[in-house]
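Spelled out from the first residue to the last, the chains are:
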8 protein chains.
Amino acid sequence: KRAGVPEVILAAGKTTEEIQMLVETSLAGTGRAIVTRATATTTAALEEQYASDPEMTITVDERAQTVVVHESEFDRPDLDATVGVVTAGTSDAMPAGEAATILREMGATVERVEDIGVASLDRMLDQVPRLREQDVLIVAAGREGALPTVLAGLVDVPIIGLPISTGYGHGGEGEAALSGLLQSCTALSVVNIDAGFTAGVQAGLIARQLDGARE
Amino acid sequence: KRAGVPEVILAAGKTTEEIQMLVETSLAGTGRAIVTRATATTTAALEEQYASDPEMTITVDERAQTVVVHESEFDRPDLDATVGVVTAGTSDAMPAGEAATILREMGATVERVEDIGVASLDRMLDQVPRLREQDVLIVAAGREGALPTVLAGLVDVPIIGLPISTGYGHGGEGEAALSGLLQSCTALSVVNIDAGFTAGVQAGLIARQLDGARE
Amino acid sequence: KRAGVPEVILAAGKTTEEIQMLVETSLAGTGRAIVTRATATTTAALEEQYASDPEMTITVDERAQTVVVHESEFDRPDLDATVGVVTAGTSDAMPAGEAATILREMGATVERVEDIGVASLDRMLDQVPRLREQDVLIVAAGREGALPTVLAGLVDVPIIGLPISTGYGHGGEGEAALSGLLQSCTALSVVNIDAGFTAGVQAGLIARQLDGARE
Amino acid sequence: KRAGVPEVILAAGKTTEEIQMLVETSLAGTGRAIVTRATATTTAALEEQYASDPEMTITVDERAQTVVVHESEFDRPDLDATVGVVTAGTSDAMPAGEAATILREMGATVERVEDIGVASLDRMLDQVPRLREQDVLIVAAGREGALPTVLAGLVDVPIIGLPISTGYGHGGEGEAALSGLLQSCTALSVVNIDAGFTAGVQAGLIARQLDGARE
Amino acid sequence: KRAGVPEVILAAGKTTEEIQMLVETSLAGTGRAIVTRATATTTAALEEQYASDPEMTITVDERAQTVVVHESEFDRPDLDATVGVVTAGTSDAMPAGEAATILREMGATVERVEDIGVASLDRMLDQVPRLREQDVLIVAAGREGALPTVLAGLVDVPIIGLPISTGYGHGGEGEAALSGLLQSCTALSVVNIDAGFTAGVQAGLIARQLDGARE
Amino acid sequence: KRAGVPEVILAAGKTTEEIQMLVETSLAGTGRAIVTRATATTTAALEEQYASDPEMTITVDERAQTVVVHESEFDRPDLDATVGVVTAGTSDAMPAGEAATILREMGATVERVEDIGVASLDRMLDQVPRLREQDVLIVAAGREGALPTVLAGLVDVPIIGLPISTGYGHGGEGEAALSGLLQSCTALSVVNIDAGFTAGVQAGLIARQLDGARE
Amino acid sequence: KRAGVPEVILAAGKTTEEIQMLVETSLAGTGRAIVTRATATTTAALEEQYASDPEMTITVDERAQTVVVHESEFDRPDLDATVGVVTAGTSDAMPAGEAATILREMGATVERVEDIGVASLDRMLDQVPRLREQDVLIVAAGREGALPTVLAGLVDVPIIGLPISTGYGHGGEGEAALSGLLQSCTALSVVNIDAGFTAGVQAGLIARQLDGARE
Amino acid sequence: KRAGVPEVILAAGKTTEEIQMLVETSLAGTGRAIVTRATATTTAALEEQYASDPEMTITVDERAQTVVVHESEFDRPDLDATVGVVTAGTSDAMPAGEAATILREMGATVERVEDIGVASLDRMLDQVPRLREQDVLIVAAGREGALPTVLAGLVDVPIIGLPISTGYGHGGEGEAALSGLLQSCTALSVVNIDAGFTAGVQAGLIARQLDGARE
Ligand SMILES: Nc1ncnc2c1ncn2[C@@H]1O[C@H](COP(=O)(O)O)[C@@H](O)[C@H]1O
Ligand SMILES: Nc1ncnc2c1ncn2[C@@H]1O[C@H](COP(=O)(O)O)[C@@H](O)[C@H]1O
Ligand SMILES: Nc1ncnc2c1ncn2[C@@H]1O[C@H](COP(=O)(O)O)[C@@H](O)[C@H]1O
Ligand SMILES: Nc1ncnc2c1ncn2[C@@H]1O[C@H](COP(=O)(O)O)[C@@H](O)[C@H]1O
Ligand SMILES: [Mg+2]
Ligand SMILES: [Mg+2]
Ligand SMILES: [Mg+2]
Ligand SMILES: [Mg+2]
Ligand SMILES: [Mg+2]
Ligand SMILES: [Mg+2]
Ligand SMILES: [Mg+2]
Ligand SMILES: [Mg+2]
């Protein structure tokens with residue numbers, strides 16, 4: 001695995017017991033465990049196990065479905081770089097939150113900007129100055145996925161488009177958003193549908209380069 | 001065929017001779033012939049045949065690839081309704097022009113608004129007041145097709161989205177634009193890729209209803 | 001959001017509690033809340049909450065899976081325009097009903113015409129005169145989706161085709177109906193599979209234009 | 001090969017010389033050669049070779065793109081059964097003609113019914129009594145392919161739906177027609193897009209059974 | 001609906017109560033009710049209701065998932081024609097049985113030939129003489145769907161290929177079988193995946209023609 | 001590259017000059033050059049260049065579209081193993097021939113068995129004893145691709161299915177054959193559509209293992 | 001069925017009772033029963049039935065979801081050949097284990113190599129010498145499926161690529177892995193997604209040929 | 001348009017005359033014109049026009065199909081950042097070159113690394129130290145597209161995967177590479193098939209951020 005990218009435990013398709021074991025192994029090996037796509041049950045089990053343990057810090061983000069456990073001596077990296085994580089609507093919360101968790105664990109500062117979908121263009125335009133100040137942007141959008149395209153025409157910051165599995169019928173489940181981002185007339189880079197983890201890693205690697213450059 | 005919709009000769013897949021024969025038949029039957037997807041050769045042949053004929057009026061729109069021939073006594077309908085035909089970029093010209101030709105032959109007034117793609121948002125925003133004055137809008141867009149979605153969030157006029165067969169790779173040939181319009185978070189109605197004829201007919205039928213209402 | 005289009009709460013993928021909160025917010029903001037894709041449980045919870053409240057009117061359409069709550073002082077728009085909402089068979093009821101609910105909330109008069117699928121052509125032909133009197137038509141059809149195509153050859157009213165997610169095997173889940181409507185030889189405009197909300201908004205915007213023209 | 005099904009030479013993808021050789025072999029083996037998808041060049045070459053030969057009869061159907069050569073002593077089967085070959089529009093001519101040629105060579109009587117697409121429903125309804133008299137129907141239709149579905153609701157004759165590769169955009173090249181026929185609410189059997197040969201063979205085999213039953 | 005085709009109640013997606021009501025209506029209207037895709041629960045409910053009623057005859061085919069109820073005076077048609085219903089393996093039982101039920105209700109004699117998939121070619125070849133005696137064949141096959149193609153090369157009887165939704169991975173759920181039947185080098189007609197009802201109706205209509213011819 | 005697999009020059013998409021240069025380089029490096037998908041023009045150019053050169057041996061297989069050039073001292077491997085290369089029909093010749101060329105250059109003995117498609121089952125069954133004697137089989141088939149499935153039920157030799165890009169309409173261009181081979185009820189391994197080179201390499205590697213075992 | 005390939009009972013879609021009956025039949029016929037895709041419930045039922053029976057040996061592989069029952073006198077074949085079964089990660093365990101079970105029952109020696117996915121290239125490179133010693137390799141990989149491609153560039157052993165149904169979003173459920181293996185620049189043969197049974201049979205047939213050659 | 005992204009003229013689908021006009025306009029507006037996907041004819045025409053003009057500098061990259069014209073006073077940006085542009089094989093040259101041209105025009109230093117596809121793993125591993133020194137990597141790969149996945153496991157530099165439209169059959173034209181990159185187990189960001197322009201813009205925007213950080 002790449003030195004700069006933390007190990008992550010994908011909870012989907014695993015039992016709570018399997019996840020608990022993988023968390024133990026990860027803590028033993030690196031002093032940290034990161035779980036994504038955690039169900040409420042798994043999250044509760046991990047909280048019960050680690051919340052009262054003075055040697056451990058556990059951080060749960062329910063909407064992101066992520067759980068992070070640190071041993072007390074764990075030394076998280078700290079990068080001099082800020083990544084904006086932007087959503088078009090409330091359905092984008094899980095993958096966007098997943099990206100934010102990864103970024104924080106890689107050491108980047110995360111700036112969340114929520115619910116600025118193109119259906120309410122004024123709200124979006126209001127945020128443009130703030131977005132221009134970020135080092136990198138991850139922009140999540142479902143349905144037709146227009147938001148990253150529109151923002152990329154307004155800011156010179158590199159944007160990673162994150163398509164979300166919303167929408168029914170033809171092009172549903174994120175396929176329309178993905179193909180729209182790939183076709184975007186404003187030249188985006190893209191990750192797979194709901195791939196918040198991947199978006200986070202990519203933005204985190206850029207943040208590491210910027211941190212290096214700023215030293 | 002519907003009484004309110006003119007017969008149209010689709011030139012694609014036909015020889016110039018076949019088209020000339022169909023034009024003759026159409027003129028004989030209705031006093032008018034409308035040809036779409038006409039090649040330069042077919043257009044030239046029709047111009048040679050009808051341009052110098054005092055009994056005939058021929059109107060050619062090269063970018064739209066349409067040719068219209070009227071007998072002198074032909075009485076084109078005249079509707080008290082205006083349809084805005086909007087394009088995101090120059091590649092949208094053919095199907096948008098096709099829609100405009102059909103609309104004019106159905107009697108609507110056509111207002112063209114060109115090249116206001118979302119990559120240059122200011123140019124688009126400048127046109128919003130003018131768009132709000134139209135009775136109906138046809139909005140063409142290729143690649144990711146974001147323009148109709150963004151406009152529908154800004155104007156209360158009914159919008160027919162017209163996806164255009166631009167773009168290479170995944171979602172190319174208009175498929176991304178079509179699925180984006182079908183998934184649009186701003187509730188559009190849609191026609192098939194490059195189906196300027198269909199968009200024109202639909203907007204024309206709405207214009208007829210408005211004309212009836214205004215009488 | 002467009003001024004002329006009401007806010008709507010899509011219940012699918014939300015808990016009853018989340019929906020109740022969104023209904024409260026919507027009532028507080030606009031005096032009205034519209035819920036689509038409501039399950040029986042959510043509907044029951046909303047009825048329990050609002051049915052006995054003298055300050056509120058609640059309207060439930062079970063087959064449409066819609067719930068509308070009005071504060072007593074809410075002043076619903078009233079448009080001088082009639083939209084026909086037509087179904088081919090009983091499976092079309094939910095999206096067609098969703099369209100009807102939206103239309104009523106936008107102020108249009110809704111005329112329902114049920115079960116006139118092309119398998120019983122006489123029953124369909126009987127309804128043609130009635131359909132010709134409508135200002136706009138929304139025509140729902142599943143399986144092969146032939147009904148909107150056939151009707152569009154018989155009436156000069158603008159038709160919005162609404163494909164329905166019926167049918168198994170190849171082209172099932174509404175994909176055959178959608179592609180058939182997009183390819184229709186009678187020039188339809190179309191919305192996505194089961195997108196009754198979108199069809200309703202589009203027809204409602206046309207009704208608003210007609211209402212303006214009739215004033 | 002099945003005894004009751006004639007050998008056929010598919011010209012597509014072969015040179016005129018290859019086809020001429022295959023025709024010779026077929027004549028030598030069975031006293032007959034049937035060529036489908038013949039280009040104008042191939043057809044001309046075959047006419048030059050066989051038209052003036054008193055030992056041979058050559059039958060060319062240009063729209064069907066078929067060429068049939070018989071040795072004078074060839075004894076074509078003669079079945080007591082009639083197959084209706086129906087088209088929705090002029091673009092259906094080639095595959096429908098291909099089916100008709102095969103049927104005639106299998107010995108069936110062929111009744112052609114042309115251009116009765118659902119866009120002109122009256123013209124279609126006029127033909128229903130004639131269609132009811134046929135033993136089997138092959139019904140060709142492109143674009144949305146509604147015609148076989150509508151006819152199957154009106155006649156009790158077995159119908160083989162023949163989807164045609166017309167239409168551009170989503171569901172184009174016959175895919176919408178094929179999936180519509182497979183989904184038809186009036187229970188059709190179907191062959192592949194443009195597969196006039198296959199439709200002809202199937203109808204011909206039914207005609208053979210009927211001929212046997214009538215003896 | 002076509003006079004020669006019985007009304008059928010598709011149980012899938014309906015509650016037992018809804019089905020019971022539709023059965024009542026069908027019995028009242030025609031003296032017969034046919035239910036397909038019936039679950040064990042629905043079947044049990046119908047048996048409880050009709051099995052002990054001396055005015056009614058109920059016929060259940062569990063593997064076919066069909067239930068047929070006749071009023072005592074119901075006069076089922078009786079056709080002088082035999083249809084072979086052939087399966088490649090045990091997974092084909094449901095749709096093949098559905099076809100058999102429809103055929104019997106249309107009055108045809110049904111000859112079942114089971115489990116002669118091409119993996120055991122000898123068993124298949126043994127059945128060829130018996131298959132040659134049928135008037136029409138419905139041949140069901142899942143996975144790669146080779147059986148109808150191989151049989152059509154051996155018998156001159158018209159064959160309707162019935163693809164079955166077996167198989168996982170690429171081309172699974174019957175898509176490989178469907179496309180293989182459409183591409184078959186032995187010229188088959190085809191119905192949709194699992195569409196036993198449609199196959200039965202088509203074979204039944206051919207049986208009616210043969211019955212007419214034999215009178 | 002793997003030591004046991006020869007370098008091959010894919011002519012498709014290259015100019016004759018580019019191919020000639022690559023042939024020179026390959027000869028210089030290994031004493032051999034193998035060209036696949038060679039056009040008639042490229043083949044003629046290579047023949048003109050090498051046929052009269054006493055230092056060189058050139059072997060052209062027109063139907064396979066392969067050209068092989070050996071320097072006189074080139075020592076082709078010689079394996080004690082035989083691979084059967086089987087085709088269903090004449091359209092399979094190019095990829096099957098490509099496989100045969102690769103196999104010969106890897107040192108295997110190649111046994112060609114031609115035109116035993118399942119439409120003429122007797123011809124196929126006649127070849128079964130011969131096929132049982134081969135060490136490995138490559139079986140090419142287009143359209144529905146039934147041949148490898150049927151053969152794999154009859155012989156215990158490992159079979160590599162080679163789908164061929166024949167057929168028009170749905171599942172055309174080899175997609176039906178590929179998905180049928182992947183779904184085969186007789187457990188085949190498969191290569192991509194027209195991938196004769198890949199099939200040849202795989203069979204060649206098995207032949208090498210057998211040669212090692214026999215030593 | 002092929003003499004060299006054991007009968008296998010696919011548990012998916014069958015009840016425990018049905019499977020128990022098929023196991024009885026298989027034991028009675030061949031002295032062995034092999035069950036794939038067995039659920040925990042089915043496995044428990046079979047263990048209860050056979051584990052304490054002195055006449056029987058039962059072998060359960062939980063991760064492979066396979067159960068094998070042998071009568072005491074059953075004489076499993078014994079082949080002088082070794083097949084390497086390689087996985088990229090833990091999600092590949094079930095289909096890879098299924099292949100291993102089939103191979104053992106066909107008599108091959110199985111060498112398991114686990115978790116050498118390309119994300120940790122060093123671990124993979126460490127195993128190359130061991131892989132070079134195998135007669136054949138089955139290499140399982142999900143997501144992008146890069147492992148078989150990379151290994152095939154390093155070893156001259158024939159490789160059967162086994163794509164695994166992991167991954168969400170576009171190309172998920174194994175489709176990306178399958179198409180990557182079919183496109184591989186290192187010439188692999190392939191089986192369908194999760195088709196461990198098929199991969200095992202193919203490798204087993206090669207092992208039989210090698211065993212014959214070594215005798 | 002974004003201030004930091006140069007205007008580019010996409011030559012595909014335009015006549016030489018149209019391109020020449022757009023070049024003039026671009027030069028007049030910005031002092032620079034960049035043309036991508038230029039044919040040999042267009043390139044020759046532009047060279048004839050500008051090469052001998054002392055006021056102009058023209059730079060042609062034939063394999064990249066790009067042409068850049070600068071007015072003598074044009075002041076290209078100069079960024080303190082290096083982007084590695086990596087190819088797996090010679091077919092990747094055009095889109096990779098397109099990316100390189102854009103990057104140079106945006107002011108980045110470009111480091112080309114050619115032909116290190118995974119089929120020759122040693123050659124690839126040799127380049128890893130050099131790749132680790134880049135600020136960002138664009139990695140192009142066709143067929144199965146394994147190269148970016150493997151590299152991303154070895155270097156901590158952000159990687160933009162660029163899938164290339166090579167390969168025939170299933171997953172051909174770059175679709176397998178695209179879906180493999182989206183599914184990659186090593187977390188890549190991705191652009192559309194052949195979208196060298198987009199990859200270049202994204203890498204260029206990151207280079208701008210790094211340049212800012214280094215100042
Ligand atoms: N540009 C167009 N796109 C789609 N359909 C068209 C177009 N132009 C004409 N049509 C339709 O095609 C019909 C003519 O088709 P055809 O019989 O092939 O000439 C007309 O009556 C229209 O319904
Ligand atoms: N039945 C429906 N189908 C599609 N879109 C809907 C539907 N109901 C509501 N919407 C749209 O979805 C938005 C609400 O989405 P959400 O934020 O998920 O509640 C509304 O503002 C509408 O634009
Ligand atoms: N895991 C498996 N995947 C695919 N095919 C299998 C599997 N296990 C058994 N089979 C095949 O399926 C046949 C049994 O299918 P069935 O008649 O449904 O039990 C066996 O003879 C094998 O050819
Ligand atoms: N090779 C390319 N691939 C994709 N997009 C391009 C390419 N070259 C230019 N573009 C984009 O296409 C726009 C020009 O499109 P057009 O108006 O058709 O010339 C440029 O501003 C770029 O955004
Ligand atoms: Mg959005
Ligand atoms: Mg746009
Ligand atoms: Mg219908
Ligand atoms: Mg039609
Ligand atoms: Mg089978
Ligand atoms: Mg075949
Ligand atoms: Mg992997
Ligand atoms: Mg590669």
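Going by the structure above, here's the rest.
Residues numbered from 1 in each chain as written. Chains lettered and ligands numbered in written order. Predicted model: local features only at pLDDT ≥ 70, side-chain atom pairs only at ≥ 80, totals over all residues. Heavy atoms only, no water.

The subject of this paragraph is the sheet that holds strand S4 (residues 66-71) of chain G. Residues and elements named next belong to chain G. Sheet architecture is open: four strands sit in the order S1-S2-S4-S3, paired in mixed fashion. The open sheet is flanked by strand S1 (9-10) and strand S3 (56-61), the only strands paired with a single partner. Where strand S2 (residues 32-36) meets S4, four bridges bridge the pair, whose relative direction is antiparallel. In the sheet register, valine 35 faces S4, and the bridge partner there is valine 67. Where helix H1 (residues 16-30) meets the sheet, its contacts fall on S1, S2, S3 and S4, and the angle it forms with S2 comes to roughly 145°. Sheet strands touched by helix H2 (residues 40-50): S2, S3 and S4. Its angle to S3, the strand with the most contacts, is close to 155°. (Pairing = 2+ DSSP bridges. Helix = DSSP H or I, 4+ residues; strand = E, 2+ residues; numbered from the N terminus. Contact = heavy atoms within 4.5 Å. Axes fitted to C-alpha atoms, helices over the stretch in contact; angles between N-to-C directions.)

Residue and element names in this part refer to chain D. The buried count for strand S8 (residues 159-163) comes to five of five residues, which makes it a mostly enclosed element. Residues Ile159, Gly161 and Pro163 of S8 are buried on one face, and the alternating residues Ile160 and Leu162, pointing to the opposite face, are buried as well. Taken together, the five bridges between strand S7 (residues 136-141) and S8 define a ladder with parallel strand orientation. The partner of alanine 141 across the bridge, within S8, is proline 163. Traced from S7 through helix H5 (residues 146-152) to S8, the parallel crossover comes out right-handed. (Buried < 20%, exposed > 50% of the residue type's maximum accessible area, 1.4 Å probe, protein only. Right-handed = clockwise from strand over helix to strand, strands pointing away.)

Here we come to the relation of the copies chain F and chain G. Of the two same-sequence chains, chain F is brought onto chain G (RMSD 0.1 Å, axial shift 0.0 Å) by a rotation of 180°. Read as a symmetry element, the transformation amounts to a two-fold axis. A shared interface surface links the copies, since 100% of the contact residues of chain F are contact residues in chain G too. (Least-squares fit on C-alpha atoms with pLDDT ≥ 70 in both.)

For these two chains of identical sequence, chain A goes onto chain H by a turn of 180° and a shift of 0.0 Å along the axis, with RMSD 0.0 Å. Mapped onto chain H, 100% of the interface residues of chain A are again interface residues, and the two copies thus contact each other with one and the same surface.

Bring the parts together and some accessible area is lost; that lost area is often taken as the interface size. Taken together, the contact pairs 35 residues of chain F with 35 residues of chain G. In this assembly, chain F packs against chain G so that about 2,800 Å² is buried in total across both faces, 52% of it on carbon and sulfur atoms. Here F:Arg208 makes a salt bridge to G:Asp156, at a shortest N to O gap of 3.6 Å. Where chain F touches chain G, the interface holds eleven residue pairs in polar contact (both at pLDDT 80 or more). Only helix H6 (175-182), strand S9 (189-190) and helix H7 (196-214) of chain F provide two or more residues apiece to the side of chain F that touches chain G. The element contributing the most residues to the side of chain F that touches chain G is H7(F), with eleven residues. Partitioned by chemical class, the residues of the side of chain F that touches chain G number 19 nonpolar, ten polar and six charged. (Buried area = accessible area lost by both parts, 1.4 Å probe. Salt bridge = Lys/Arg side-chain N within 4 Å of Asp/Glu carboxyl O. Polar contact = N/O pair within 3.5 Å; in protein donor to acceptor, adjacent residues only side chain to side chain. Nonpolar A, V, L, I, M, F, W, Y, C, P; charged D, E, K, R; others polar.)

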